[in-house]
Amino acid sequence: MKLEVEDIKYSIDQKLIVKGVSLGIEEGDFVGLIGPNGCGKSTLLKNIYRVYKPDSGAVYIDGRALNDMTSREVAKEMSVMQQENNVEFDMTVYDMVMLGRFAHQNLWHNDKIREREIVEDAIKEVGMEGYEERSFLSLSGGEKQRTLVARALVQQSSLIILDEPTNHLDIGYQYQIMNILKSQKDLTVFSSIHDMNIAACYCDKIIMMKAGHIVKVGTPEEVMVPDMIKGLFGVDTQITNNPVTGKPNIVFLPEIPEGILS
């Protein structure tokens, strides 16, 4: 499943937020999108998964324009986990995950046993087994996040787009969720990621974004360098090698006001 973004521009209140972004993600790649708050990451993703309509440009899946596809067709090819998930009415965890199956369900021919197995397997995989009958709105932020990852997985699409999927999760679940995503066979992943070390650990390729533009694309080893990180976030860093993965490990070296550590 190949994703292509061609010269996307998007404005809010006549201010250009996404400024002619083009990118390509190859089938099977795990790609991270990083950049400072307000640089346009979430806005770009929303243009890709059709929450927003671009001012100009286009998005293609395997050469087919998304605008030429129905919602059901898109759902079979691309699953999405948004950063904001405002639920207008409550439902159980099981029912929330089952929503991810809508594109595959047929009114006349539906294997309910198989559908249930798919949902139950995903709930177990994200560590929410035993929560099936819990109210979704009663969950903690991290529990909601894991439930929504399960909903994205049961869609069984070849491409998954995520907006900071480890948001609200404690460190153990952050790595659990990334391991789950990384272990999926034949899955192409495009995700904005807040934690630089998680991005370096799991991503095959990193896309750096600043002020509505793509400023650098490459492997973690190519882009996770002090000058690039300083240019994005204004913070000095020291780069070492992770002793387990061999990937870059970023140590941040912020300026500490004199006397604060005494």
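Up top is the structure.
J.: Just checking my understanding: could you explain the overall build of the chain for this structure?
T.: The number of helices and strands found in the chain is nine helices and twelve strands. Its C-alpha radius of gyration of 19 Å places the chain within 12% of the 18 Å reference for a compact globule of 262 residues. In terms of principal-axis extent, the alpha carbons of the chain reach across some 65 × 45 × 35 Å. Burial analysis of the chain (262 residues in total) assigns 44% to the buried set. The long-range fraction of contacts in the chain, counting pairs at least 24 apart against all pairs at least 6 apart in sequence, stands at 63%. Surface summary for the chain: the accessible area is close to 13500 Å², and the carbon and sulfur share equals 47%. If the 27 positive side-chain charges of the chain are averaged to one point and the 38 negative ones to another, these points end up 3 Å apart.

J.: Which parts of the structure should I look at to understand the sheet that holds strand 4 (residues 56–61)?
T.: Hydrogen bonds along the backbone pair up the strands of a sheet, which may run parallel or antiparallel. Sheet architecture is open: four strands sit in the order 2-1-4-5, paired in antiparallel fashion. Two strands in the sheet have a free side with no partner beyond their single neighbour: strand 2 (15–25) and strand 5 (64–65). Pairing analysis gives eight bridges linking strand 1 (residues 3–12) to strand 2, with the strands arranged antiparallel. Within strand 2, the residue paired with leucine 3 across the bridge is isoleucine 25. Contacts from helix 1 (residues 41–48) reach strand 1, strand 2 and strand 4, with the element oriented near 120° to strand 1.

J.: What is the right way to look at the pattern of salt bridges in this model?
T.: It is possible for side chains bearing opposite charge to pair when their charged atoms get close. Here the structure, examined in full by the defined rule, presents seven salt bridges. A salt bridge links glutamate 26 to lysine 2, with the nearest nitrogen and oxygen atoms 3.6 Å apart. Highlighted residues: glutamate 26 in the loop between strand 2 and strand 3 (30–34) and lysine 2 in the segment before strand 1, separated in sequence by 24 residues. Given the relative accessible area of 40%, glutamate 26 is considered partly exposed. Across the pair glutamate 115 and arginine 101 runs a salt bridge, and its minimum N-O distance is 3.0 Å.

J.: Quick question: what am I supposed to make of the environment of aspartate 62 here?
T.: Tracing the sequence through the fold places aspartate 62 in the loop between strand 4 and strand 5. When the C-alpha positions of aspartate 62 and lysine 2 are compared, they lie 5.0 Å apart, and in sequence the two are 60 residues distant. Those residues within four positions of aspartate 62 in sequence are excluded, and the remaining contacts are Met1 and Lys2. At 2.8 Å, the side chain of aspartate 62 and the backbone nitrogen of lysine 2 are in polar contact.

J.: What is the right way to read unusual backbone geometry from this model?
T.: Glycine aside, the phi torsion of most residues is negative, and most peptide linkages are trans. The backbone of aspartate 13 shows a phi angle near 50°, a positive value even though the residue is not glycine. Turning to its location among the elements, aspartate 13 is positioned in the loop between strand 1 and strand 2. Look at aspartate 13 and you get exposed, because its relative accessible area is 75%. With a phi angle near 50°, aspartate 62 is a residue other than glycine that sits in the positive phi range.

J.: So what exactly am I meant to see when it comes to the nonpolar core here?
T.: One recurring pattern in soluble globular proteins is that nonpolar side chains are buried together. If you look at the biggest cluster of nonpolar residues, it comprises 46 residues, and the most contacted ones within it are Ile34, Val126, Leu181, Ile206 and Met224. In terms of residue count, the dominant contributor to this core is helix 5 (residues 141–154) (six residues). Ignoring sequence-local partners within four residues, the contact set of methionine 224 consists of Ile34, Met196, Ala199, Ala200, Ile206, Met208, Ile229, Ile239, Pro248 and Ile250. In this structure, Val5, Tyr10, Val21 and Ile161 belong to the second largest nonpolar core, which totals 28 residues.

About the criteria used
- The residue numbers shown here count from 1 along each chain, following its written sequence.
- Totals for whole chains, interfaces and linings use every residue, but because this is a predicted model, local features are given only for residues with pLDDT of at least 70 and side-chain atom pairs only at 80 or more, for both listing and counting.
- Values shown for side chains rest on all heavy atoms present in the structure; no hydrogens or waters enter the calculation.
- Strands are runs of DSSP state E lasting at least 2 residues, helices are runs of H or I lasting at least 4, and numbering of each runs from the N terminus.
- When we talk radius of gyration, it's over C-alpha atoms, and the globule rule is simply 2.2 Å times the number of residues to the 0.38.
- Each residue is assigned to one of three classes by its accessible area relative to the maximum for its type, calculated with a 1.4 Å probe on protein chains only: buried under 20%, partly exposed between the two thresholds, exposed over 50%.
- Here, two residues are considered to be in contact whenever any of their heavy atoms come within 4.5 Å of each other.
- Working definition of accessibility: Shrake-Rupley area with a 1.4 Å probe, residue cover restricted to the visible protein chains.
- By the counting scheme adopted, Arg and Lys are positive, Glu and Asp are negative, and His together with the chain ends is not counted.
- Working definition for charges: the position is that of NZ of Lys, CZ of Arg, CG of Asp or CD of Glu.
- Strands are labelled as partners when DSSP assigns at least two bridges between them.
- Orientation is described by lines fitted to C-alpha atoms, with helices fitted over the stretch in contact, and by angles between N-to-C directions that extend from 0 to 180 degrees.
- A pairing counts as a salt bridge when a side-chain nitrogen of Lys or Arg comes within 4 Å of a carboxyl oxygen of Asp or Glu.
- Under the rule applied, a polar contact is a pair of N or O atoms within 3.5 Å (in protein, one hydrogen donor and one hydrogen acceptor; residues adjacent in sequence only if both atoms are side-chain atoms).
- Buried residues of nine kinds, namely Ala, Val, Leu, Ile, Met, Phe, Trp, Tyr and Cys, make up a nonpolar core once their side-chain atoms join them within 4.5 Å.

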